[in-house]
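For reference, the chains in residue letters:
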Amino acid sequence: MVESKLTYEECRKQRVEENKKRMEELHLSKLAQSLKTSSPKSTPVKQGKPRARLPVEPSSVPLRRSNRVADKPPPNYKEVPIEPLDRPRSYYRSYQRRDLLNRVYASDEVRQYAIYRAEMLQSELESDSPSFVKPMLQSHVTGGFWLGLPVQFCKSHLPHEDEKINLVDENGDEFPTKYLADKTGLSGGWRGFSIDHQLVDGDALVFHLVKPTEFKVYIVRANESEDENEEEESKKNKREEKTKENNEDLDVAHLTRSAKRLRASKK
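Reading the values: rules and limits
- Residues numbered from 1 in each chain as written.
- Predicted model: local features only at pLDDT ≥ 70, side-chain atom pairs only at ≥ 80, totals over all residues.
- Heavy atoms only, no water.
- Helix = DSSP H or I, 4+ residues; strand = E, 2+ residues; numbered from the N terminus.
- Buried < 20%, exposed > 50% of the residue type's maximum accessible area, 1.4 Å probe, protein only.
- Contact = heavy atoms within 4.5 Å.
- Areas by Shrake-Rupley, 256 points an atom, 1.4 Å probe, with all protein chains shown as cover.
- Patch = residues over 30% accessible without salt bridge, like charges linked within 9 Å, V, L, I, M, F, W, Y side chains within 5 Å.
- Salt bridge = Lys/Arg side-chain N within 4 Å of Asp/Glu carboxyl O.
- Phe/Tyr/Trp six-rings, centres within 6.5 Å; stacked < 30°, edge-to-face > 60°.
- Pairing = 2+ DSSP bridges.

## Describing the overall build of the chain
Part 1: The number of helices and strands found in the chain is 7 helices and 7 strands.
Part 2: The buried share of the chain, reckoned over its 267 residues, is 24%.
Part 3: For the chain, the share of sequence-separated contacts (at least 6 apart) that also reach a separation of at least 24 residues comes to 59%.
Part 4: Accessible area of the chain: about 21,800 Å², with a carbon and sulfur share of 52%.

## Digging into a nonpolar patch on the surface
Part 1: Nonpolar side chains collect at one region of the surface, where Met23, Leu26, Leu28, Leu31 and Leu35 lie side by side and expose about 500 Å² of accessible area between them.
Part 2: If you list the elements that add at least two residues to the nonpolar patch, you get α1 (2-26) and α2 (28-38).
Part 3: Examining the composition of the nonpolar patch, we find that 3 residues originate from one element, α2, more than from any other.
Part 4: By the element assignment, Leu35 lies in helix α2.

## Overview of the packing of aromatic side chains
Part 1: Tallied over the full model, the rule gives 8 aromatic pairs.
Part 2: Between Phe175 and Phe193, the ring centres sit 5.2 Å apart and the planes meet at 90 degrees, which makes this aromatic pair edge-to-face. Taken together, the residues Phe175 in strand β4 (residues 174-180) and Phe193 in helix α6 (residues 190-196) connect sequence positions 18 residues apart.
Part 3: The buried category is assigned to Phe175, whose relative accessible area is 7%.
Part 4: Pairwise contacts between aromatic rings join Phe132, Phe153, Phe207 and Phe215 into one cluster.

## Overview of the sheet that holds β4
Part 1: Spatially, 7 strands are ordered β1-β6-β7-β3-β4-β5-β2 in an open sheet, and the strand pairing comes out mixed. Bordering the open sheet on either side are β1 (131-135) and β2 (147-148), each of which pairs with just one other strand.
Part 2: Where strand β3 (residues 163-168) lies against strand β7 (residues 214-220), 3 bridges are found, and the strand directions are parallel. Looking at the pairing, Val168 lines up with Lys216 of β7.

Next comes the structure, spelled out in structure tokens:
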């Protein structure tokens, strides 16, 4: 047992000596020493007391401005809310803020039926002037009041720069709006039109471009039931039938008078 331990110790010492000789032959110790001496010494950073800064009043510091605007009054960057298109604030005072948590969404059937009736109305308009149907969503009639228009329609028929576009309802009332060409939609002024006409989700509007910057707008209400429309159509048919009967009576009376005059002339 002792002989095996001595043999192991002797072998280990022999390996250590061989490793030392190899390191000396490769000059590894000198290389390590040269790397230590060549590394720069880090100097400690002196930490002084922080300097106390005195508060500077904005009025005492001159503004650095370009020579082109030096003789002009300084700009005022205070944010002041401005109503679009110079509308008075009293214009919106009568409008009660809608409860966005209690939004009423139109069903798919009601929405599709309103679109169908709007397309039927669109087919009766003059084909010389372009038009399109726009179904109303909650974002159009509540909250942000932003109305995006069909992109292709805007590129083909509307100005390529921001412009004022008038919306004329069926009563002839005009509502100026701000058209944003890059975003292809109406921003300022659309809120007033939506509130005045009490638009809701599911309504369908027909926009008829009668002038380069003027739309005639027809509103198809989503809350108008099919029975009401059928009743109105029935009344219209009855009026037409009555008119036709009156015309037939007039024709018969005219023929009777003509026959009497003919018999009188023969006598």
